[in-house]
Number of protein chains: 2
Amino acid sequence: MHRNLALHAPPKCSYYPRLTCQFMQLMKMTFNVTPLHDVVLPPLSSKVLKYLVLSQQVLPFLEELVRSKDKQKPLFISNLALDGKRLYSRGEPITVKAKTRLTGSVTFPFSKEAFNVGGGRVKTVYGEYEISLKEVSVLDETPSTSTRGNLRVSFLTPALLCSKIYLPPFLREKYRRKKIGFSLIPTPGLVVAYGYRQYLALLGKTDSYENDIKTFKLLVMANALSRVVGYRLYPETVVIGEDEKGRLRLTRGVKGWIEFDIVGKLKESAAKYLEVASFLGIGRSRGIGLGEVHFKMVERGENSH
Amino acid sequence: MHRNLALHAPPKCSYYPRLTCQFMQLMKMTFNVTPLHDVVLPPLSSKVLKYLVLSQQVLPFLEELVRSKDKQKPLFISNLALDGKRLYSRGEPITVKAKTRLTGSVTFPFSKEAFNVGGGRVKTVYGEYEISLKEVSVLDETPSTSTRGNLRVSFLTPALLCSKIYLPPFLREKYRRKKIGFSLIPTPGLVVAYGYRQYLALLGKTDSYENDIKTFKLLVMANALSRVVGYRLYPETVVIGEDEKGRLRLTRGVKGWIEFDIVGKLKESAAKYLEVASFLGIGRSRGIGLGEVHFKMVERGENSH
């Protein structure tokens, strides 16, 4: 599903205004982001890229999408990473030395405008940075070449997965006002169902009862027909900001990885939805880089202990 | 639900022959088991107690129940424990010095005969032991005094939980012959549903379509209405014996603990079913001490990190 940019067909549609189209292609642009001075990053370092988009210094055409309150919007802004490790606070300040090369990515609906990316020096409330394009990858609907082996999903930043996803659709209304909270335990069904919701959104299908039923069935079946091979999972508390009184606002999500196999045809669909998840993340607060996941097929047994 | 033995009412029924009764009371007898010489225990040390029952040296009236192939039979034979740590092999031999005091328990339907327990020196294919009664606890249907706080379930030995429990009952027949495997990820719903199956068995209800539906609904709702507070979970491979060629037979289950809360009335029922689980274990191979769980209510936040 990832293709080299040069080989890529022209975009089929854009997000605003939404045209009728089969599948909304996504692109993920990864940038080098290098602070010019020693900096203390915000607790969620994704705020740096978000600031750059909102101040129209990077990918200015995305401002409206970033500000939109739509659910399941096709947008992901990652936290900045140092050697692959995402930078966010669990209470401690995040300091980075001048000239340290960080990376960060933004995923959004395919757009030609994205190629007008300039780069160079940019200024934010979080300090000054040198920014340059590192990589572009594109997601379209073509299935992955192979679904041999096990499915492996890594949670690179805490994922906030709501327990309510388990609720049968006919009970949603009854429990609409009940606050339940997060399931910190990502079963195969839960992860695949979250990917599926993103996938449906890319097809322009959101918030219908029929889709809720499909999602519920998928969740149940992916749990029933999967065999978990291995995992390392742990809850992690993360700082998402401060309230008016200067107290830290915290939330708690799951990090780590899980490897599983699925019996039958469902495996191929699951892989497709997880591929979408690896572009858009899963769960709540994707717009600030939470729920970033990485998906790959692995040889049976590889890395599973 | 645990009561002091001396205060306890006379037994209401026994397992063989089964009388009509509301709820089958259980008793858990814990023994001190002290090897007289240095020993190498079998890979699953529960085999020692099992041997003693089968050879009618301990609780001889349980022989028939131990040999029975019934599903969900009201029997649990624990692995031997050293200072609370269950002894079983992950590949290495388990050696214990002479005179080391181990403990082990057997759970079974309440029976007066159990009080004729003698103790003293016993002989097994795994060496000679001194055995004495340490503790008796009884489970009846009286609800626990309080369900304040969070529910906390600890997996003391690897639990083998089948993914198929997630399958809606009307699809059971379709997938009857499909081998799927274990879910190594114990969600609140999965654990509560396993406890519920044991609970139903104690009411004399097994293997009906109606009960399968109830179990399925409970699983779904316990996942949908629960908030996971914390956990430490990890898969563990355990040796369960040898095949004819002397190769190790292995299986892989989950160990650790999970703490969660459940919204609404369901919490009280969940606690009741988990109490049953803490007497009878959950999942496959309970008869040899796998799936031993401990359940308690904890103050919110206690031990959750």
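Residues numbered from 1 in each chain as written. Chains lettered and ligands numbered in written order. Predicted model: local features only at pLDDT ≥ 70, side-chain atom pairs only at ≥ 80, totals over all residues. Heavy atoms only, no water.

Trainee: Just to check I follow, could you spell out the interface of chain B and chain A for this structure?
Mentor: The figure often quoted for interface size is the accessible area lost as the parts come together. On the side of chain A, 38 residues touch chain B, which itself brings 38 residues to the contact. Roughly 2,900 Å² is buried in total at the junction of chain B and chain A, and carbon and sulfur atoms are behind 69% of that figure. Contact with chain A buries area across many residues of chain B, yet I180(B), I185(B) and Y231(B) alone supply 22% of it, more than any other trio. Viewed at the interface, chain A and chain B are joined by zero salt bridges. Viewed at the interface, chain A and chain B are joined by eight residue pairs in polar contact (both at pLDDT 80 or more). For the side of chain B that touches chain A, the secondary structure elements donating two or more residues are α4 (209-224), β12 (226-242) and β13 (248-262) of chain B. Per-element accounting of the side of chain B that touches chain A gives the leading share, nine residues, to β12(B). Among the residues forming the side of chain B that touches chain A, the class breakdown is 24 nonpolar, nine polar and five charged. (Contact = heavy atoms within 4.5 Å. Buried area = accessible area lost by both parts, 1.4 Å probe. Salt bridge = Lys/Arg side-chain N within 4 Å of Asp/Glu carboxyl O. Polar contact = N/O pair within 3.5 Å; in protein donor to acceptor, adjacent residues only side chain to side chain. Helix = DSSP H or I, 4+ residues; strand = E, 2+ residues; numbered from the N terminus. Nonpolar A, V, L, I, M, F, W, Y, C, P; charged D, E, K, R; others polar.)

Trainee: I'm lost on the pairing of β13(B) in this one. Help?
Mentor: Across a regular strand the side chains alternate sides, sitting on one face of the sheet and then on the other. Residue and element names in this part refer to chain B. Extensive coverage of β13 is indicated by the burial of 12 of its 15 residues. Relative to β13, strand β11 (residues 150-159) runs antiparallel, the two sharing six bridges. Bridged to V153 within β13 is I258. Connecting β12 to the antiparallel partner β13 that follows it, the hairpin turn spans five residues, and G246 within it adopts a positive phi of roughly 80°. (Buried < 20%, exposed > 50% of the residue type's maximum accessible area, 1.4 Å probe, protein only. Pairing = 2+ DSSP bridges.)

Trainee: Could you clarify how one ought to interpret the sheet that holds strand β11 (residues 150-159) of chain A in this entry?
Mentor: Within a sheet, adjacent strands bond to each other through the backbone by hydrogen bonds, running parallel or antiparallel. Residue and element names in this part refer to chain A. With antiparallel pairing, the four strands of this open sheet are ordered in space as β12-β13-β11-β14. For this open sheet the edge positions go to β12 (226-242) and β14 (293-298), each flanked by a neighbour on one side alone. For this sheet the average axis-to-axis angle between neighbouring strands, irrespective of direction, equals 10°. Set on the sheet, helix α5 (residues 266-280) makes contact with β11, β13 (248-262) and β14; between it and β14 the angle comes to about 145°. (Axes fitted to C-alpha atoms, helices over the stretch in contact; angles between N-to-C directions.)

Trainee: So what exactly am I meant to see when it comes to the packing of aromatic side chains here?
Mentor: Where two aromatic rings form a pair, the distance of their centres and the angle of their planes describe that pair. All names here are of chain A. Tallying each qualifying case throughout the model produces 14 aromatic pairs over all chains. Relative to Y126, the ring of Y51 lies with its centre 6.2 Å away and its plane at 75°, an arrangement referred to as edge-to-face. Here Y126 lies in the loop between β9 (120-124) and β10 (127-139) and Y51 lies in helix α1 (residues 46-54), a separation of 75 residues in the sequence. Taking relative accessible area as the criterion, Y51 reaches 29% and is therefore assigned partly exposed. Over the aromatic face of F279 sits the side chain of K28, whose NZ or CZ is 5.4 Å from the ring centroid. Looking at R152, its charged tip hangs above the ring of W257, at a distance of 4.0 Å from the centre. (Phe/Tyr/Trp six-rings, centres within 6.5 Å; stacked < 30°, edge-to-face > 60°. Lys NZ or Arg CZ within 6 Å of the ring centre and 35° of its normal.)

Trainee: Looking at this structure, I do not really get the relation of the copies chain B and chain A. What am I missing?
Mentor: The relation between the two chain copies is a rotation about an axis coupled with a shift along that axis. Overlay of chain B on chain A (RMSD 0.0 Å): rotation 180°, translation along the axis 0.0 Å. Here the two chains are linked by the operation of a two-fold rotation axis. (Least-squares fit on C-alpha atoms with pLDDT ≥ 70 in both.)

Trainee: Is there a simple way to explain α1(A) in this structure?
Mentor: Every α-helical turn comprises 3.6 residues, leaving residues that sit three or four positions apart pointing alike. All names here are of chain A. When α1 is considered as a whole, its buried residues turn out to be S46, V48, L49, L52 and V53. Projected down its long axis, α1 carries its buried residues within an arc of 160°, all on one side. With its phi angle positive at about 60°, Q56 sits one or two positions after the end of α1. (Arc of directions from axis to C-beta.)

Trainee: Is there a simple way to explain the pairing of strand β8 (residues 102-109) of chain A in this structure?
Mentor: Residue and element names in this part refer to chain A. Counting buried positions along β8 gives eight out of eight residues, so the element sits mostly inside the fold. Bridge count for strand β2 (residues 26-35) against β8 is eight bridges, and the pairing is antiparallel. In the sheet register, V33 faces β8, and the bridge partner there is L102. Examined bridge by bridge, strand β4 (residues 76-77) and β8 share two bridges and lie antiparallel to one another. Bridging across to β8, I77 finds its partner in V106.

Trainee: Which parts of the structure should I look at to understand the sheet that holds strand β14 (residues 293-298) of chain B?
Mentor: Residues and elements named next belong to chain B. Ordered in space as β12-β13-β11-β14, the four strands form an open sheet in which the pairing is antiparallel. Of all strands in the sheet, those with a lone pairing partner are β12 and β14, marking the two edges. Mean inter-strand twist for the sheet, computed between neighbouring axes without regard to direction, equals 10°. For β11 and β14, the ladder comprises six bridges, and the chain directions are antiparallel.

Trainee: Before we go on, may I ask you to explain the pattern of salt bridges in this structure?
Mentor: Opposite charge on two side chains makes pairing possible when the charged atoms of those side chains draw close. One pass over the full model with this rule turns up 24 salt bridges over all chains. Among the ionic pairs, R172(A) bridges to D212(A), the shortest N-O distance being 3.5 Å. A residue pair is termed long-range when its members are at least 10 positions apart, and R172(A) in the loop between β11 and α3 (188-202) and D212(A) in helix α4 (residues 209-224) qualify at 40 residues. Measuring nitrogen to oxygen at the nearest pair gives 3.9 Å for the salt bridge that ties R90(B) to E92(B). Looking at E92(B), the relative accessible area reads 33%, which means it is partly exposed. Via salt bridges that share partners, R90(A), E92(A) and E236(A) belong to a single interconnected network.

Trainee: Where do I start with the UniProt feature "domain: Cas6 N-terminal" (unreviewed entry) in chain A in this structure?
Mentor: Mapped onto this structure's residue numbering, the UniProt feature "domain: Cas6 N-terminal" (unreviewed entry) falls at residues 27-139 of chain A. Spanning residues 27-139 of chain A, this segment combines 12% helix with 42% strand, and its end C-alpha atoms are found 6 Å apart. (UniProt positions renumbered as here; feature names shortened; annotations may be inferred.)

Trainee: Got a minute to help me understand the packing of helix α3 (residues 188-202) of chain B against α4(B) in this structure?
Mentor: Each packed pair of helices is defined by two parameters, the angle between the axes and the distance between the axes. All names here are of chain B. α4 packs onto α3 with a crossing angle of 150° between their chain directions and a minimal axis gap of 7 Å. Accordingly, the angle class assigned to the pair α3 and α4 is roughly antiparallel. Read as a crossing pair, α3 and α4 show a hand that is right-handed. Taken together, the residues of α4 that come into contact with α3 (itself represented by P188, G189, L190, V192, A193, Y196, R197 and L200) are N211, K214, T215, L218, L219, A222 and N223. Across the contact of α3 with α4, the residue classes tally to nine nonpolar, four polar and two charged. (Parallel < 35°, antiparallel > 145°, perpendicular 65-115°, else oblique. Left-handed = near helix turned anticlockwise from the far one by under 90°.)

Trainee: Would you mind showing me how to read the packing of α3(A) against α5(A) here?
Mentor: All names here are of chain A. Close contact between α3 and α5 brings their axes to 8 Å; oriented N to C, the two are set at 75°. Overall, the two elements α3 and α5 adopt an arrangement that is roughly perpendicular. Judged by residue contacts, V191, V192, G195, Y196, Q198, Y199 and L202 of α3 engage A270, K272, Y273, L274, V276, A277 and L280 from α5. Taken together, the residues of the contact of α3 with α5 sort by class into 11 nonpolar, two polar and one charged.

Trainee: When you look at the confidence of the model for chain A in this model, what are you seeing that I'm missing?
Mentor: A low pLDDT score tells you not to read the predicted coordinates there in detail. All names here are of chain A. Of all residues in chain A, 90% have pLDDT values of 70 or greater, and the mean over the chain is 88. Least confident of the elements in chain A is strand β1 (residues 2-3), whose mean pLDDT is 42; most confident is β11, at 97. Counting interchain partners and residues more than four positions distant, the pLDDT-below-50 stretch residues 1-21 has 51 contacts. (pLDDT = per-residue confidence, 0-100.)

Trainee: What is the right way to look at the domain arrangement of chain A in this model?
Mentor: Residues and elements named next belong to chain A. When the domains of chain A are assigned, the result is domain 1 (2-139) and domain 2 (150-298). Contacts between the two partners involve 30 residues from domain 1, matched on the other side by 31 residues from domain 2. When the two sides are added together, the surface that domain 1 and domain 2 hide from each other amounts to roughly 2,700 Å², 59% of it contributed by carbon and sulfur. Our count for the contact surface shared by domain 1 and domain 2 stands at two salt bridges. (Domains from an automatic or database assignment.)

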